[in-house]
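Each chain is listed here by its residues.
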Amino acid sequence: MGRLKEGETPLAELLRTLLAQEGSIPFSRFMELALYHPHYGYYSQSPSRRIGRRGDYYTGPSSGPAFGRLFSEAVAEAWDLLGRPEILDLWEQGAGAGWLACDLVGSLRAHEPRLAARIRYTIVEPRELSRKEQEERVSAAELSNHFRWVKSWAEAEKLVGVFFSNELVDSFPVHRLVRRGTGWSETLVTWKEGRFCFTEEPLFSASQWQGVLSEPGSDLPEGWVVEVSLDALSWMRRVGRLLDRGLVFTFDYGLLPEERFVPERSGGTLRAYRRHLREGDLLAHPGEQDLTAHVDFGRLQRVGEEAGLQTLALVDQHHFFVGLLSALSERCEGRLPDGLTAGGFQTLAHPGFLGRTHRVLIQSKGIGNASSLSCLRFARSVGSCPPGRLPATNRACVSISRNESSGS
C-alpha cells in the first residue's frame, strides 16, 4: 500500500487504486467494500467499537436486556406452536456483540428452564472479531453449552425453530437508481478532483429492476432516487429454504411501498453515521462510517412468500413488544416481569425511541394457526403500522446505555 493522504482511511487508498484501474464502480460495490472488506471494512471492526456509547449508533439489544427478556416469551410460544420438539433451533444472523443471544438464553434459563435445556442456538457469523467477542460474552455468561457458530449458509441445515435478525438487512449493499427523463440511471462512484464522487450511467436494460421500478409507475419526477438491495432479496430466499417449520422475525427500520414514494423520500433513504452523528457525505471515510438504507419491507415480504413463508404481520416495534409485555404481565398479576425495567421497555417500545421507527416482519412455515402469538395481539393487519412521517432512521437517536436501561 502506498502512503496515505492526510486524513485518508486505509480502505480509501485501496478504492482509489481500484478506480484508477476501472474508472468507476456501481455504488453497491463501493458500499459492499466500505462495509465488508475483510481487513478495512466497517464491519471488520469489533462490534463494541461500532455499537454503543463509544461507537456510532445504538441498537435495541445494546441498550439493555429488555429485548431478550421480552423476545424470550415469543420463543417460548413458538416452542408450544411447534409441539414442543426435543430440540428447538434458534438461528440469529447479525448478532453484533452477542448481547441479544446472552439476554435471550439467560432469560429462558431463568424463566423457562425446560425449554432452555432444549435450545440449540446457532449464530451465523463470518467475521472473526465479531465471533470472538460473541464467544467471550457467551462464555462469561456461562452459556457456551447452548451455542455454536457457522461462517456461512453452506454450513446450514433445515431447522425447526426460530430464525431472527435485528438491524441486519438495512446494512446490505444497495443499488442507487435515479430517474432521468423517461428512463433510469444507476449511480456509480468515481475519483475526481481529489475526492470520491457520484456519476451516473443509463440503464439500457432494466429487466432485473422491472419489478422495483414499475411499482411507482412512470410519473416520478426528474432526479427521484430509489434504492434496491438485491442481496436482501437473495437473503430472504435463503431464509425461506432454510426453515423447515417455525417462525422468522426480521427486526429493522424500513418502509412500505406507499411510504417510499412520498415527496420527503425523493432523495432516497441512504444515510451515513459516524460517532452518533449523521455524515453529510456518503462517500467520505470509507470503512470508518456506517452506511445504511431503509428496508423495503413490501418487497421482502413478497419474496418470502415466494420462498414458502406465510406472512403473519408487519407490525411496529411498539405494538410487537406491548403484546409480549401484556402476556407476561398477566402471569405476574399486573406487575412488571422479573428482569425488565420500565426504562428498558420504553427504549424498545416508546414512539420517541425505537417503537415507531423500527418494525418487525413476522413470517411462518409449517404452522397451521399462529394467531395465539402474543406479539400479534395488537397487529391489526399486515402493514398496519401507522404511516406518518418517519425520521430518516433511529440509529443515532437513542441515547441510553445498557447500564442505564437495566437500572444497574
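Computed from a predicted structure; not experimentally measured.

Draft legend 1. Just the pairing of strand E11 (residues 271–274), in detail. Neither face of E11 is exposed, since Arg271 and Tyr273 on one face and Ala272 and Arg274 on the opposite face are all buried. The pairing of E11 with strand E13 (residues 290–292) spans three bridges and is antiparallel. Bridge pairing links Tyr273 to Asp290 in E13. In the sheet, E11 pairs with strand E12 (residues 277–279) via three bridges, with the strands oriented antiparallel. Bridge pairing in E12 links Tyr273 to Arg278. Hairpin connection between E11 and E12: a loop of two residues separates the two successive antiparallel strands, and Arg275 in this loop has a positive phi of roughly 55 degrees.

Draft legend 2. Structural view of helix H4 (residues 66–81). Taking 1.5 Å of rise per residue, the 16 residues of H4 would be expected to cover 22 Å, and the 23 Å separating its terminal C-alpha atoms lies within 8% of that figure. Of all 16 residues making up H4, 14 are buried, and the element is well covered by its neighbours. Following H4 by one or two positions, Gly83 adopts a phi angle in the positive range, close to 85 degrees.

Draft legend 3. Geometry of the pairing of strand E5 (residues 159–166). Of all eight residues in E5, seven are buried; the element is thus mostly enclosed. Relative to E5, strand E2 (residues 88–93) runs parallel, the two being bridged by five bridges. The residue bridging Asp89 from the neighbouring strand is Gly161, located in E5. Of the pairings in the sheet, the one linking E5 to strand E10 (residues 243–255) comprises eight bridges and is parallel in character. If you follow Asn166 over to E10, its bridge partner there is Phe251.

Draft legend 4. The nonpolar core, seen in detail. Counting 54 residues, the largest nonpolar core has Phe71, Leu90, Tyr121, Phe249, Phe320, Phe321 and Ile362 as the members making the most contacts within it. The contacts of Phe249, once residues within four sequence positions are left out, are Phe71, Ala74, Val162, Phe163, Phe164, Ser165, Phe320, Val360, Leu361, Ile362 and Cys375. Judged by nonpolar contacts, the second largest core, of 26 residues, contains Leu11, Leu18, Phe27 and Val174.

Draft legend 5. Inspection of helix H1 (residues 10–22) at higher detail. Spanning 13 residues, H1 covers 19 Å between terminal C-alpha atoms, matching the ideal 18 Å at 1.5 Å per step. For H1, the set of buried residues is Leu11, Ala12, Glu13, Leu15, Arg16, Leu18 and Leu19. In the segment just after H1, Gly23 is the residue with positive phi, at about 85 degrees.

Draft legend 6. Focus on the sheet that holds E12. A sheet is described by the order of its strands in space; here three strands give the open sequence E12-E11-E13, paired in antiparallel fashion. The open sheet has two edge strands with one neighbour each: E12 and E13. When strand polarity is set aside, the average angle formed by the axes of neighbouring strands in this sheet is 40 degrees.

Draft legend 7. Geometry of the packing of aromatic side chains. One pass over the full model with this rule turns up 22 aromatic pairs. Both rings, one in Phe30 and one in Phe196, keep their centres 5.8 Å apart while their planes meet at 65 degrees; by these two values the pair is edge-to-face. A residue pair is termed long-range when its members are at least 10 positions apart, and Phe30 in helix H2 (residues 27–36) and Phe196 in strand E8 (residues 195–202) qualify at 166 residues. Residue classification places Phe30 among the buried positions, given a relative accessible area of 0%. Its relative accessible area of 7% is what places Phe196 among the buried residues. Within the aromatic cluster, the residues linked to one another by ring pairs are Phe67, Phe71, Tyr121, Phe147, Trp149, Phe164, Phe249, Phe251, Phe320 and Phe321. Taking NZ or CZ as reference, Arg16 lies 5.4 Å from the ring centre of Trp191, over its face.

What counts and how
- Residues numbered from 1 in each chain as written.
- Predicted model: local features only at pLDDT ≥ 70, side-chain atom pairs only at ≥ 80, totals over all residues.
- Heavy atoms only, no water.
- Buried < 20%, exposed > 50% of the residue type's maximum accessible area, 1.4 Å probe, protein only.
- Helix = DSSP H or I, 4+ residues; strand = E, 2+ residues; numbered from the N terminus.
- Pairing = 2+ DSSP bridges.
- Expected span 1.5 Å × (residues − 1).
- Core = buried A, V, L, I, M, F, W, Y, C linked by side-chain atoms within 4.5 Å.
- Contact = heavy atoms within 4.5 Å.
- Axes fitted to C-alpha atoms, helices over the stretch in contact; angles between N-to-C directions.
- Phe/Tyr/Trp six-rings, centres within 6.5 Å; stacked < 30°, edge-to-face > 60°.
- Lys NZ or Arg CZ within 6 Å of the ring centre and 35° of its normal.

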